[in-house]
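Take a look at the letters that make up each chain.
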Amino acid sequence: MVSRRTAVAVLGAGPAGLTVANLLRRAGIGCVLLERESRAFIEQRPRAGFIEEWAVRGLERRGLGEQLVAKAPRHEKFEFRFAGRRHVFRYGDVTGQRHFVYPQQLLVTDLVAQYTGAGGEAVFEVSNVELHDLTSDSPAVTFRTGDGEHRIDCDFVAGCDGARGISQRYFPAESTVRAHHDYGIGWLALLAEAPPSADGVLFGIHPRGFAAHMARTPAVTRFYLQTAPGETEADWPDERVWRELHARLTVPDGEIIEGKLFEKRILDMHNYVVEPMSHGRLHLAGESAHLVAPIAAKGMNLALHDAFVLTDALAAYYAGDPAPLAGYSAACLPLVWQYQEFSLWLSDIFHHTAAGAENPFLARIAEARMRRLLGSPAAAAAFAELYIGKNADF
């Protein structure tokens, strides 16, 4: 077995892990980044990409946002398509902030290049990862690569390996709350070789179910369709997909442009939070600690927030102040729960309109909320601040 030592072992090369690794390296704190997939895989895997302005500015201030700021389109508005009409919602006018549209794989590619280009150590395609002695002063990580068994002794482990990673498993049941919410629906995520039908995001709120349109590139558009529990991709042939997209999104002055569908993926819509986010010398960040269904596009933003808080806390620890690291979980969880609450509230509007046959009460409540949001400047301002995360500046 090959053994070595570093200050922090970082598990997972997603936005959280790569941000943590880059910022530790810049602070002169030793780290090794471990990832179960190949570098080519993580740089090509399609993922959503709405990044709130506070998160972009946080990356920019830390020297990690140059490509994003230079290349990413900005969105300051979206459309609700409701009751056969277009309702443009200009949240940029209310908040002064925007979304930057930068698919996650592009950010991952940038962050990997910055980290490895500056001499950061990253090990891809690792397997059999195990954590040891997390409640001691000398935790360790063991893993296998193509050339054999390895061990890293360290001071801390940053568990950034996502919902399917191993970090969560090391949190003891007796002292951990695993809060979970299942929405009872799915979203069919689609990518089409079609020019965008609008210059921004469309949210279709319709008795047949929710639908969404998101411009990706001049030639590719992302769509979502609400699906029933238990449905699979096989239940959605192309003809049915386009029929439902037209029904749920088309309005008299806004048609949907069709194209070849090259991705269909059912997303199980659920949320969870692991609380606290720390156990001994293991600190979770990103989807290892919390998952927010893509209803409000909050997941990557929370991952970046965790990474900023954690690396600042680790830097303080090595400078002689252990208090921020001891308070890491308490510092992250208020924003986590704020975004969870907003996601749940927005889901009620998006999805309950389709409950008319089964539950007309919930359907009418959703419609009432929609009318208030569209008709009240005060309600619109409160919504806009939560939608763009204005109070989450970091």
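Analysis parameters
Residues numbered from 1 in each chain as written. Predicted model: local features only at pLDDT ≥ 70, side-chain atom pairs only at ≥ 80, totals over all residues. Heavy atoms only, no water. Helix = DSSP H or I, 4+ residues; strand = E, 2+ residues; numbered from the N terminus. Rg over C-alpha atoms; globule rule 2.2 N^0.38 Å. Buried < 20%, exposed > 50% of the residue type's maximum accessible area, 1.4 Å probe, protein only. Contact = heavy atoms within 4.5 Å. Areas by Shrake-Rupley, 256 points an atom, 1.4 Å probe, with all protein chains shown as cover. Salt bridge = Lys/Arg side-chain N within 4 Å of Asp/Glu carboxyl O. Disulfide = S-S within 2.5 Å. Polar contact = N/O pair within 3.5 Å; in protein donor to acceptor, adjacent residues only side chain to side chain. Core = buried A, V, L, I, M, F, W, Y, C linked by side-chain atoms within 4.5 Å.

## Details of the overall build of the chain
- A tally of regular secondary structure across the chain gives 12 helices and 21 strands.
- Relative to the 2.2 N^0.38 estimate, which gives 21 Å for 394 residues, the radius of gyration of the chain is 22 Å and therefore close to what a compact globule would have.
- Dimensions of the chain, computed from the C-alpha atoms along their principal axes, are close to 65 × 45 × 40 Å.
- Within the chain, the fraction of its 394 residues that count as buried is 55%.
- For the chain, the proportion of contacts with a sequence separation of at least 24, taken over those separated by at least 6, is 72%.
- Carbon together with sulfur atoms contributes 51% to the accessible area of the chain, which is approximately 16200 Å² in total.

## Structural notes on the pattern of salt bridges
- Here the structure, examined in full by the defined rule, presents 23 salt bridges.
- Across the salt bridge formed by Glu-231 and Arg-240, the nearest N and O atoms sit 3.1 Å from each other.
- For Arg-240, a relative accessible area of 24% translates into the label partly exposed.
- A salt bridge links Lys-264 to Asp-238; the shortest N-O distance between them is 2.6 Å. Of this pair, Lys-264 sits in strand 18 (residues 260–275) while Asp-238 is found in helix 7 (residues 238–249), placing the two residues 26 residues apart along the sequence.
- The class for Lys-264 is partly exposed, based on a relative accessible area of 27%.
- When its relative accessible area of 38% is taken as the criterion, Asp-238 is described as partly exposed.

## Comments concerning the state of the cysteines
- Under the defined criterion, the tally for this structure stands at 0 disulfides.
- No disulfide involves Cys-160; its sulfur sits 10 Å from the nearest other cysteine sulfur, which is in Cys-31.
- In this structure Cys-332 is not part of a disulfide, and its nearest cysteine sulfur, from Cys-160, lies 11 Å away.

## Describing the side chain of Thr-95
- Within the secondary structure, Thr-95 is located in helix 5 (residues 91–95).
- The class for Thr-95 is buried, based on a relative accessible area of 8%.
- Looking at Thr-95, its side chain comes within polar contact range of the main-chain oxygen of Tyr-91, at 2.9 Å.
- Within the structure, Thr-95 has its side chain in polar contact with the backbone nitrogen of Gln-97 (distance 3.1 Å).
- Excluding residues within four positions of it along the chain, Thr-95 makes contact with Ala-384, Glu-385, Ile-388 and Lys-390.

## Description of the nonpolar core
- Grouped together as the largest cluster of nonpolar side chains are 77 residues, with contacts concentrated most on Val-8, Val-10, Leu-34, Ile-51, Leu-68 and Val-141.
- It is helix 8 (residues 299–318) that provides the largest number of residues to this core, a total of 10 residues.
- Apart from residues no more than four positions distant in its own chain, Leu-34 is found in contact with Val-10, Leu-11, Gly-12, Ala-13, Val-123, Val-126, Val-141, Phe-143 and Ile-152.
- Within the second largest apolar cluster, 34 residues are counted, among which are Tyr-91, Ile-185, Trp-187 and Ala-212.

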